[in-house]
Amino acid sequence: MTGYASELSSSPDSTTSAGEAPQMLFEVRSVNGRFLDLTLRLPDEMRHLEPALREAVARHVRRGKVELKVSLQAGEAVSTLRVSDAVLRQLDQWQSEVLAALPNARTLSVQEALHWSRQLQGSVRWRDESVMDVAAAVLRQLAEARRREGERLVAALQERIAQLRSLAARAEPMVPALVQKQQQRFLERWRDALAQAGASADTGSAQERALAEAAAHALRIDVAEELTRLRAHLDEIEAQLHKGGELGKRLDFLIQELHREANTLGSKSTALELSTLGVDMKVLIEQMREQVQNIE
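Cut-offs and rules
Residues numbered from 1 in each chain as written. Predicted model: local features only at pLDDT ≥ 70, side-chain atom pairs only at ≥ 80, totals over all residues. Heavy atoms only, no water. Helix = DSSP H or I, 4+ residues; strand = E, 2+ residues; numbered from the N terminus. Buried < 20%, exposed > 50% of the residue type's maximum accessible area, 1.4 Å probe, protein only. Contact = heavy atoms within 4.5 Å. Areas by Shrake-Rupley, 256 points an atom, 1.4 Å probe, with all protein chains shown as cover. Core = buried A, V, L, I, M, F, W, Y, C linked by side-chain atoms within 4.5 Å. Pairing = 2+ DSSP bridges. Right-handed = clockwise from strand over helix to strand, strands pointing away. Axes fitted to C-alpha atoms, helices over the stretch in contact; angles between N-to-C directions. Arc of directions from axis to C-beta. Salt bridge = Lys/Arg side-chain N within 4 Å of Asp/Glu carboxyl O. Parallel < 35°, antiparallel > 145°, perpendicular 65-115°, else oblique. Left-handed = near helix turned anticlockwise from the far one by under 90°. Nonpolar A, V, L, I, M, F, W, Y, C, P; charged D, E, K, R; others polar.

## Regarding the overall build of the protein
Okay, so step 1: Counting its regular elements, the protein contains nine helices and four strands.
Okay, so step 2: Ordered by position in the sequence, the α and β elements of the protein form the string β-β-β-α-β-α-α-α-α-α-α-α-α.
Okay, so step 3: Sorting the 296 residues of the protein into buried and exposed places 36% on the buried side.
Okay, so step 4: Intrachain contacts of the protein at a sequence separation of at least 6 include 80% that bridge at least 24 residues.
Okay, so step 5: Carbon and sulfur atoms make up 51% of the accessible area of the protein, which amounts to about 17,000 Å² in all.

What follows is the structure, given as structure tokens:
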């Protein structure tokens, strides 16, 4: 399921040169996917927390493409940055040491000096516990956003289920009449074939064979069993939706079974009305399949 959450936290232990606490922005977003595909974008000083963050995400998300990004901010505008003399002296000392070892190295530009000054003045050691607390908070927000989307998806699926039940109810009364009509047509063609061939075979045995063939043909075009299985699959989908929990993979399987019954219904159909209903069913089932891809 798709979702987005963010959490901005200030360091309780440090301040910048302007007296403001450095900030950490946690962002997590998820989009649809059949499996869990997690991407972490972390500052270098937080790389050691990657296993713990992956475990935390896996506790909240089982399915989808998830991106978790952490950004460290100095907490002040660049225009108000005051360069510290101590930081500049430190940069000058490092530069002298580098030039002593590498005489051909170039000196720092003003832009580079300001850049490293901002980095050094704004750097802060975030406690691991603080980082994980913020991660837990933002993941709870994401879970709540995904839960709300899940409710919308369930409503959409139930609407499609109701429409499929309506189509099945319209198709069911057609089946006996269509079977009888096709059976009668089969017998008429059989008699016409016998008459044109001038068959000298026993009329009684020919009639019995014709009836047996007609019955077999009726079984081949009877879609009552497919409609019964289709309704059974819809019942199971509704039961799973009411049950809740991790449903995505099970619903995937049930949608495949719905597709199979609708395809069989279309291939067996010998009437335009029933074929049209079969096409309408497949359209609704495909819409359900797309929605189910979003469900965890």
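Structure's up, so let's keep going.
## What about the nonpolar core?
Okay, so step 1: Within the largest apolar cluster, 28 residues are counted, with the highest numbers of intra-cluster contacts made by Ile237, Leu251, Leu258, Met281 and Met288.
Okay, so step 2: Put simply, the parts of the chain that give this core at least two residues each are helix H4 (128–171), helix H7 (224–243), helix H8 (248–268) and helix H9 (272–292).
Okay, so step 3: Apart from residues no more than four positions distant in its own chain, Ile237 is found in contact with Ile161, Leu251, Leu254, Ile255, Leu258 and Met288.
Okay, so step 4: In this structure, Ala5, Leu40, Leu53 and Leu142 belong to the second largest nonpolar core, which totals 23 residues.

## Some details on the pairing of strand S3 (residues 36–41)
Okay, so step 1: Examined bridge by bridge, S3 and strand S4 (residues 64–73) share six bridges and lie parallel to one another. Looking at S4, one finds that Leu40 is bridged to Leu68.
Okay, so step 2: Read from S3 through helix H1 (residues 50–60) to S4, the crossover connection turns out left-handed.

## Examining the sheet that holds strand S2 (residues 23–31)
Okay, so step 1: Judged by pairing direction, the sheet is mixed, and its four strands sit side by side in the order S1-S2-S4-S3 without closing on themselves. In this open sheet, the two strands that pair with only one neighbour each are strand S1 (3–10) and S3. Ignoring which end each strand starts from, the neighbouring axes of this sheet average 10 degrees apart.
Okay, so step 2: Helix-sheet contacts for H1 involve S2, S3 and S4, and the interaxial angle to S3 is about 140 degrees.
Okay, so step 3: Relative to the sheet, H4 contacts S1 and S2, its axis offset from that of S1 by approximately 155 degrees.

## Things to note about H1
Okay, so step 1: Those residues of H1 lying buried are Leu53, Ala56 and Val57. With its buried residues spanning 95 degrees around the axis, H1 presents them on a single face. Within H1, the exposed residues directed more than 90 degrees away from the buried face are Pro51 and Arg59.
Okay, so step 2: Of the surrounding elements, those touching the buried residues of H1 are S2, S3, S4 and H4.

## Notes on the pattern of salt bridges
Okay, so step 1: Applying the stated criterion across every chain, the model contains 18 salt bridges.
Okay, so step 2: Salt-bridge contacts for Arg148 lead to Glu144; the nearest nitrogen and oxygen are separated by 3.7 Å. Taken together, the positions of Arg148 and Glu144, both in helix H4 and four residues apart, correspond to about one turn of that helix.
Okay, so step 3: When its relative accessible area of 39% is taken as the criterion, Arg148 is described as partly exposed.
Okay, so step 4: The class of Glu144 is partly exposed, set by a relative accessible area of 32%.
Okay, so step 5: When salt bridges with common partners are traced through the structure, they connect Glu144, Arg147, Arg148 and Glu151 into a single cluster.

## Comments concerning the pairing of S2
Okay, so step 1: Pairing of S1 with S2 involves eight bridges; the strand directions are antiparallel. Note that in S2 the partner of Gly3 across the bridge is Ser30.
Okay, so step 2: Bridging between S2 and S4 involves nine bridges; their strand directions are antiparallel. Looking at the pairing, Ser30 lines up with Val66 of S4.

## Considering the packing of H4 against H9
Okay, so step 1: The N-to-C vectors of H4 and H9 enclose an angle of 165 degrees; their axes lie 10 Å apart at closest approach. Relative to H9, H4 is oriented roughly antiparallel. The two elements H4 and H9 meet at a crossing, and its hand is left-handed. Taken together, the residues of H9 that come into contact with H4 (itself represented by Leu153, Leu157, Arg160, Ile161, Gln163, Leu164, Leu167, Ala168, Arg170 and Ala171) are Leu274, Leu277, Asp280, Met281, Leu284, Ile285, Gln287, Met288, Gln291 and Val292.
Okay, so step 2: By residue class, the composition of the contact of H4 with H9 is 14 nonpolar, three polar and three charged.

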